[in-house]
Amino acid sequence: MAAASSSDSDSGRAESSEASSKWLDAHYDPMANIHTFSSCLALADLHGDGEYKLVVGDLGPGGQQPRLKVLKGPTMLTESPLPALPASAATFLMEQHEPRTPALALASGPCVYVYKNLRPYFKFSLPQLPPNPLEQDLWNQAKEDQIDPLTLKEMLEGIREKAEVPLSVQSLRFLQLELSEMEAFVNQHKSRAIKRQTVITTMTTLKKNLADEDAVSCLVLGTENKELLVLDPEAFTILAKMSLPSVPVFLEVSGQFDVEFRLTAACRNGNIYILRRDSKHPKYCIELSAQPVGLVRVHKILVVGSNQDSLHGFTHKGKKLWTVQMPAAILTMNLLEQRSRGLQAVMAALANGEVHIYRDKTLLNVIHTPDAVTSLCFGRYGREDNTLIMTTRGGGLIIKILKRTAVFVEGTGEVGPPLAQATKLSVPRKTRLYVDQTLREREAGIAMHRTFQTDLYLLRLRASRAYVQALESSLSPMSTTTREPLKLHAVVQGLGPTFKLTLHLQNTSTARPVLGLQVCFLYNEALYALPRAFFKVPLLVPGLSYPLETFVESLSRKGISDIIKVLVLREGQSAPLLSAHINMPVSEGLAAA
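About the cut-offs
- Residues numbered from 1 in each chain as written.
- Predicted model: local features only at pLDDT ≥ 70, side-chain atom pairs only at ≥ 80, totals over all residues.
- Heavy atoms only, no water.
- UniProt positions renumbered as here; feature names shortened; annotations may be inferred.
- Pairing = 2+ DSSP bridges.
- Helix = DSSP H or I, 4+ residues; strand = E, 2+ residues; numbered from the N terminus.
- Disulfide = S-S within 2.5 Å.
- Buried < 20%, exposed > 50% of the residue type's maximum accessible area, 1.4 Å probe, protein only.
- Arc of directions from axis to C-beta.
- Contact = heavy atoms within 4.5 Å.
- Axes fitted to C-alpha atoms, helices over the stretch in contact; angles between N-to-C directions.
- Phe/Tyr/Trp six-rings, centres within 6.5 Å; stacked < 30°, edge-to-face > 60°.
- Lys NZ or Arg CZ within 6 Å of the ring centre and 35° of its normal.
- Core = buried A, V, L, I, M, F, W, Y, C linked by side-chain atoms within 4.5 Å.

Going by the annotation in an unreviewed UniProt entry, the name recorded for the chain is BBSome complex member BBS1, with Nannospalax galili given as the source organism. According to its UniProt record, the chain has this under Subunit (unreviewed entry): "Part of BBSome complex, that contains BBS1, BBS2, BBS4, BBS5, BBS7, BBS8/TTC8, BBS9 and BBIP10. Interacts with the C-terminus of RAB3IP. Interacts with CCDC28B and ALDOB. Interacts with PKD1."

In structure tokens form, the structure reads like this:
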């Protein structure tokens, strides 16, 4: 009975956890034999029938036998071999003509293979690079039998260690051979021209001139020779070429090529470089303390995963915003975009078999998988809008569907309103006074509004009268007349009982000097004493501030302070030009005594 009750409780917990999960388990095949990375997964409506397929650039077991696989639902639709290991896969629209079916681009080695309707359409090859002249001279000598294979190997090894231009693939293969195989290799390849070809390391798409979802896009390639290439979607010519200090491994783009765009490249030297339109070299550089393992753009924030088990958020100008520590090593990253709710988040697959979903630095959800996930892809698959596709380290395939009722809540990750919303408020009972006031407002609402408007008009009238009175009696520290444009500023210094009073008088006119001014102080003679309560002002040159100093002595020993009025007058006139009221501080010296 105890064992039966234990099994019932375990099954009940499993059912409750499944019910509380935001994901539906659509498919799991541990023997799918898919070995790939997130950059080699793509979802697209390849036939224009509304049925989205999964495109996989499969590396094959142990990196052998790379293949292009297309899945429809859980079943394999087509499968074809690839000449080299795939680096990236992307779908894009090449033209505006109907039917608007996207093309598939697969980067493999030095080429980009373009498919339309799953049939080969075009092959773009990277332009060849100039070979090393010393290497070319050595193979010319080998062609004329001037040097033996052993000498050729020693000299090529010396070039590889010191030369800035790397060796060609032909020379690198020759250096890997045993001594018995060298002569046959030289005889077979000595008459061939030396070709140095770079390879593609990463690829993404960039909108051409519109930001619409179904707009024409360009291909952006990152190459082994530290360059970024932007390809025309129709002619497949190089529209732009940019140089980087290191080899790019992750790319993120935003904007449109014909308007304004920004390219972000994470490179092998541990730095992230940001380039803008018409810039041949990086505009900003983000220096990381560890190697990047993933790069995702969420709105205007760059989220970078490092091999120090952490996520970092940066602005597009390189300012660090936040850091989140992960419980295990990050294997891969990708973007989760739920368009129906306007949600963008980052998915990070960890080595402990978990997939963490973050919005900024807030953990939204955790998905547990039976094996470590090596690639992620989220989007429309089949006819489901929000489908998560994962492949595992052992070659398994996991497909999960986000529930239509699922809501990601920051902090707790729970569905529904916050707990505080269910707390009942203690609303007081309606009193008799409240009911009477409500009835009065209903019956006399118009009269109350008119009374309020009358009081408001009276307040405005009194404020205007006070302002006019201040102007007429020159109670402002700035003169309002154009004849004597003056400005007065007073500063009190000292602890007491003697204070230093400094008046800064300035002529704000542009060209006219002011002459014949006098300064007068009005104060309580029982509290203060001034050596000069009235003195003349010298000529005021326009634009200069004149300090006029005097001393004020506090006579009261009771800690009382008062106001000293400063009036600026013109000779022969009784009305002041401007005035200032100085609030004198309490004499600290008398208070201490």
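Here the narrative resumes.
A. View of the pairing of strand 9 (residues 119-125). Two strands pair when backbone bridges link them, and strand 8 (residues 111-116) and strand 9 are joined in this way by six bridges, in the antiparallel orientation. Residue pairing in the sheet places cysteine 111 in a bridge with serine 125 of strand 9. Count of turn residues in the strand 8/strand 9 antiparallel hairpin: two residues, of which asparagine 117 carries a positive phi of about 55°.

B. The UniProt feature "domain: Bardet-Biedl syndrome 1 protein GAE" (unreviewed entry) in the chain, seen in detail. The positions that UniProt labels "domain: Bardet-Biedl syndrome 1 protein GAE" (unreviewed entry) are, in the present scheme, residues 486-588. Secondary structure across residues 486-588 comprises 1% helix and 52% strand; the distance between its end C-alpha atoms is 33 Å.

C. Local environment of the state of the cysteines. What the rule picks out here adds up to zero disulfides. Summary of cysteine pairing: cysteine 267 is not part of a disulfide, and the nearest cysteine sulfur, belonging to cysteine 285, is at 8.7 Å. Of the residues examined, cysteine 267 reaches a relative accessible area of 0% and is grouped as buried.

D. Just the sheet that holds strand 32 (residues 528-529), in detail. The strand order across the open sheet formed by four strands is 29-30-34-32, and the pairing between neighbours is antiparallel. Looking at strand neighbours, the two that pair on one side only are strand 29 (486-493) and strand 32, the edges of this open sheet.

E. Fine view of helix 2 (residues 133-143). Looking at helix 2, one finds that the buried residues are Glu135, Leu138, Trp139 and Ala142. Looking down the long axis of helix 2, one finds its buried residues gathered within 95° of arc, a one-sided arrangement. Buried positions along helix 2 lie against helix 3 (149-162), helix 4 (169-175) and helix 5 (179-189). Of the residues one or two after helix 2, aspartate 145 is the one with positive phi, at around 60°.

F. Highlighting the side chain of threonine 387. Assignment of secondary structure puts threonine 387 in strand 27 (residues 384-392). The exposure class of threonine 387 is buried, given its relative accessible area of 1%. Excluding residues within four positions of it along the chain, threonine 387 makes contact with Cys377, Phe378, Gly379, Tyr381, Ile399, Lys400 and Ile401.

G. Representation of the sheet that holds strand 1 (residues 23-29) in the model. Overall, antiparallel pairing links the four strands, which are arranged 1-28-27-26 in an open sheet. Lying at the two open borders of the sheet, with one neighbouring strand each, are strand 1 and strand 26 (373-381). Taken over all neighbouring pairs, the strand axes of this sheet differ in orientation by 20° on average, direction set aside. Bridge count for strand 26 against strand 27 is seven bridges, and the pairing is antiparallel. Bridge pairing links phenylalanine 378 to leucine 388 in strand 27.

H. Broad picture of the packing of aromatic side chains. Evaluated as defined, the whole model comprises four aromatic pairs. On the numbers, 6.3 Å between centres and 90° between planes, the contact of tryptophan 23 with phenylalanine 378 is edge-to-face. Residue tryptophan 23 is located in strand 1, and its partner phenylalanine 378 is located in strand 26; the two are separated by 355 residues in the primary sequence. Residue tryptophan 23 shares its accessibility class with phenylalanine 378, and that shared class is buried. When the ring of phenylalanine 122 is compared with that of phenylalanine 236, the centres are 4.7 Å apart and the planes differ by 15°; the resulting orientation is stacked. In this pair, phenylalanine 122 sits in strand 9 while phenylalanine 236 sits in the loop between strand 12 (227-231) and strand 13 (238-243), placing the two residues 114 residues apart along the sequence. Given the relative accessible area of 5%, phenylalanine 236 is considered buried. Above the plane of the ring of tyrosine 121 lies lysine 116, whose end atom (NZ or CZ) is 5.6 Å from the centre.

I. Region of interest: the nonpolar core. Grouped together as the largest cluster of nonpolar side chains are 27 residues, with contacts concentrated most on Leu503 and Phe521. When contributions to this core are tallied by element, the ones reaching two or more residues are strand 29, strand 30 (498-507), strand 31 (517-522), strand 33 (534-537), strand 34 (545-554), strand 35 (563-570) and strand 36 (578-583). With four residues, the single largest contributor to this core is strand 30. Sequence-distant contacts of phenylalanine 521, that is, excluding residues within four places in its chain, are made with Leu501, Leu503, Leu530, Arg532, Ala533, Phe535, Thr550, Ile564, Lys565 and Val566. In terms of nonpolar packing, the next biggest core, distinct from the first, is built from 19 residues, Ala349, Val355, Ile367 and Leu402 among them.

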